Amino acid sequence: MPQISDYKGISNKKGTGIHKRHESDYYLIDQETGMHYLIELKIGGDLDNKKARSEKEALLEQYCILTNDLGSEKQVKILFATAYNRYGEGEPWRQGRVLQFFSEDELCISKDFWNLVCKSQQGFDIVMDEYRKDAHFINEALEHIKSSYLPNE
């Protein structure tokens, strides 16, 4: 399994280069700590082998660009995140194709993701409570779309 230490020091290579820009799904900066998060977000986390590799390569490219701009790797973290745990909340997350390219320390699955984004240990609960309150609006809109565009059976 890969480790974060596998790529620490990658941006310390000296030389001239062209300034590039690459965008991940999310680039978050914690204003209080100064930590920069490069996040690849998949709703359920299912990635095929080729996609997992290319997503990690793209994040590493952005990691190098950002750490060179900042002059340090200490305040940059790569994360692979999911909005929910397809194996059940609280269950181990074990999507093997992702685990070939992302270390355990880079996983930010479900509750961990929402807690990070909300900057609260109750972030997941806050999001779920709001979802439960308003999910009927989504269901009503979907039913309206279905009745408007799909033939009656």
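All values reported here derive from a predicted model rather than from experimental measurement. (Residues numbered from 1 in each chain as written. Predicted model: local features only at pLDDT ≥ 70, side-chain atom pairs only at ≥ 80, totals over all residues. Heavy atoms only, no water.)

## What about helix α4 (residues 123-149)?
Piece 1. End to end, α4 covers 36 Å across 27 residues, agreeing with the expected 39 Å (1.5 Å per residue, within 8%).
Piece 2. The sharpest bend along α4 reaches about 50 degrees and sits at Asp134.
Piece 3. Buried residues of α4: Gly123, Phe124 and Ala135, and no others.
Piece 4. Buried-residue contacts for α4 involve α3 (111-118). (Helix = DSSP H or I, 4+ residues; strand = E, 2+ residues; numbered from the N terminus. Expected span 1.5 Å × (residues − 1). Bend = angle between axes of the 7 residues up to and from the residue. Buried < 20%, exposed > 50% of the residue type's maximum accessible area, 1.4 Å probe, protein only. Contact = heavy atoms within 4.5 Å.)

## Topic: the pairing of strand β3 (residues 76-82)
Piece 1. Where burial is concerned, most of β3 is hidden: six out of the seven residues are buried.
Piece 2. Of the strand pairs in this sheet, strand β2 (residues 36-42) and β3 are connected by seven bridges, and their pairing is parallel. Bridging across to β3, Ile39 finds its partner in Leu79. (Pairing = 2+ DSSP bridges.)

## Considerations on the confidence of the model for the chain
Piece 1. Here the chain shows a mean pLDDT of 86. Residues at 70 or above account for 88%.
Piece 2. Mean pLDDT across the elements of the chain bottoms out in helix α2 (residues 96-99) (85) and peaks in α3 (96). (pLDDT = per-residue confidence, 0-100.)

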